[in-house]
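# Survey of secondary and tertiary structure
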Amino acid sequence: MNILSKWRSVLALNGQRHPRIIGVLAVLAVAGLLQACSTLKLVYNQTPGLAYWYLDGHFDFLDAQSLRVKDDLAGLQDWHRKTQLPGYIATLQKLQQQLPLDITTDAACAVFADLRGKLTAVSGQAEPAVAAVVATLNAGQLVQLERRFAKGNAEYRGDFMEGTPQDRQDKRVEQLRSRAERLYGRLDEPQRAVLSQRTAQSRFDASMFYAEKLRRQHDVLRTLRPLIAGQAAPEKTQAAVRGLFERTLNPTDAALRQNQNALNDENCGTFAALHNSTTAAQRLHAIQTLQRYEQDFRVLNAE
């Protein structure tokens with residue numbers, strides 16, 4: 001299980017993926033949370049290297065850029081280890097208290113809001129370093145970014161837009177089942193039925209999200225072009241990066257924002273319905289999983 005799939009699993013409950021420039025930064029915020037992985041400590045400690053490898057694949061960094069990005073990622077992880085892990089421990093303890101009981105949609109949404117707050121904290125901390133690196137990019141590196149966007153778009157179409165409607169629905173149900181079983185253990189027929197029903201009734205539209213994905217990519221490229229090669233003052237570059245982060249998390253289009261909020265609520269409802277259909281044994285499995293995460297985070301924080 002690699003760190004990128006872990007990030008997607010947390011925020012892509014209904015097939016929605018944030019642009020990757022944000023997603024990589026968020027790895028440090030949500031690595032391992034609600035995912036069963038026996039190598040959580042190892043993955044966390046390797047996150048700067050994994051994140052560098054991923055970013056380098058998108059920008060093909062020059063030597064000087066590589067040194068700076070590696071240092072910045074190491075510093076970001078150091079900040080995260082010292083300041084953010086205690087919050088993870090508190091969140092895991094709270095979840096362990098909630099899991100034995102049924103939960104409401106609002107309670108599930110509170111969990112996702114907590115994750116969103118962690119993402120926002122990481123992006124805010126990373127903002128100055130991102131702006132500094134952006135100012136050193138060149139035109140060829142933006143061409144490389146466009147190529148990687150195109151590759152990701154082809155993957156998205158293959159995952160969510162090809163095949164019959166039933167094929168696409170079956171694939172989404174299987175993805176949800178796989179993710180849920182990392183927390184609860186093996187799902188039985190009642191839980192599988194919940195996922196099938198909720199997916200069939202979902203307002204998720206892959207074509208709409210693909211159009212939004214393309215719009216966001218265009219926004220990234222349009223924002224970065226006037227900033228590369230030191231064309232803008234540092235304060236202007238940082239303000240532009242801040243605006244890009246904000247628009248990524250909060251679409252400026254009212255209709256898109258409304259649809260995203262509705263989908264978020266739907267995802268919360270799906271999680272609550274799934275949890276409420278689980279058995280006592282499955283809930284115990286989930287609690288034990290979270291206890292392992294808590295212990296791992298305590299060890300990481302102590303380090």
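Above this text you will find the structure in question.
Analysis parameters
Residues numbered from 1 in each chain as written. Predicted model: local features only at pLDDT ≥ 70, side-chain atom pairs only at ≥ 80, totals over all residues. Heavy atoms only, no water. Helix = DSSP H or I, 4+ residues; strand = E, 2+ residues; numbered from the N terminus. Buried < 20%, exposed > 50% of the residue type's maximum accessible area, 1.4 Å probe, protein only. Contact = heavy atoms within 4.5 Å. Core = buried A, V, L, I, M, F, W, Y, C linked by side-chain atoms within 4.5 Å. Salt bridge = Lys/Arg side-chain N within 4 Å of Asp/Glu carboxyl O. Expected span 1.5 Å × (residues − 1). Arc of directions from axis to C-beta. Polar contact = N/O pair within 3.5 Å; in protein donor to acceptor, adjacent residues only side chain to side chain. Disulfide = S-S within 2.5 Å.

## Quick notes on the overall build of the protein chain
Of regular secondary structure, the protein chain possesses 13 helices and zero strands. When its helices and strands are written in sequence order, the protein chain yields α-α-α-α-α-α-α-α-α-α-α-α-α. Residues counted as buried form 50% of the 303 residues belonging to the protein chain. Once local pairs closer than 6 in sequence are excluded, the contacts in the protein chain between residues at least 24 apart make up 84%.

## Side note on the nonpolar core
In terms of nonpolar packing, the biggest core is built from 30 residues, with Y184, L274, L290 and F297 touching the most fellow members. At the level of secondary structure, the elements contributing two or more residues to this core comprise α3 (40-59), α5 (85-98), α6 (105-134), α8 (165-184), α9 (189-200), α12 (254-276) and α13 (280-302). Apart from residues no more than four positions distant in its own chain, Y184 is found in contact with L99, F271, L274, H275, T278, Q282, H285 and A286.

## Here we look at the pattern of salt bridges
Side chains that differ in sign of charge can pair as their charged atoms come close. For the structure shown, the criterion picks out 17 salt bridges. The shortest N-O distance in the salt bridge between D102 and R283 comes to 2.6 Å. On the criterion of sequence distance, the pair formed by D102 in the loop between α5 and α6 and R283 in helix α13 is long-range, its members being 181 residues apart. Looking at D102, the relative accessible area reads 52%, which means it is exposed. Judged by its relative accessible area of 9%, R283 is buried. The shortest N-O distance in the salt bridge between E181 and R177 comes to 2.4 Å. In this pair, E181 and R177 are both assigned in helix α8, four residues apart and thus about one turn of the helix distant. One salt-bridge network, held together by shared partners, links E174, R177, E181 and R192.

## Some words on helix α7 (residues 139-160)
Spanning 22 residues, α7 covers 32 Å between terminal C-alpha atoms, matching the ideal 32 Å at 1.5 Å per step. Buried within α7 are the following residues: Q141, L142, L145, F149, G152, N153, Y156 and F160. Taken end-on, α7 shows its buried residues confined to a sector of 130°, consistent with a single buried face. Residue N138 occupies the N-cap position of α7, its side-chain oxygen lying 3.0 Å from the main-chain nitrogen of G140.

## Considering α9
With twelve residues, α9 extends 16 Å from end C-alpha to end C-alpha; this agrees with the ideal 16 Å at 1.5 Å per step. Among the residues of α9, Q191, V194, L195 and T199 are the ones counted as buried. Taken end-on, α9 shows its buried residues confined to a sector of 120°, consistent with a single buried face. Those residues of α9 that are exposed and angled more than 90 degrees off the buried face are E189 and A200.

## Some thoughts on the state of the cysteines
The full count for this structure, using the stated rule, is one disulfide. Across the disulfide from C109 sits C268; the S-S distance is 2.2 Å. When the S-S torsion is 120°, as for the bridge of C109 with C268, the disulfide is right-handed. Of the two residues, C109 sits in helix α6 while C268 sits in helix α12, which places them 159 residues apart along the sequence.

## With respect to the side chain of E212
Within the secondary structure, E212 sits in helix α10 (residues 206-224). Side-chain polar atoms of E212 contact the side chain of R215, separated by 2.8 Å. Once you skip the residues sitting within four places of it in the chain, E212 turns out to touch P251 and L256.

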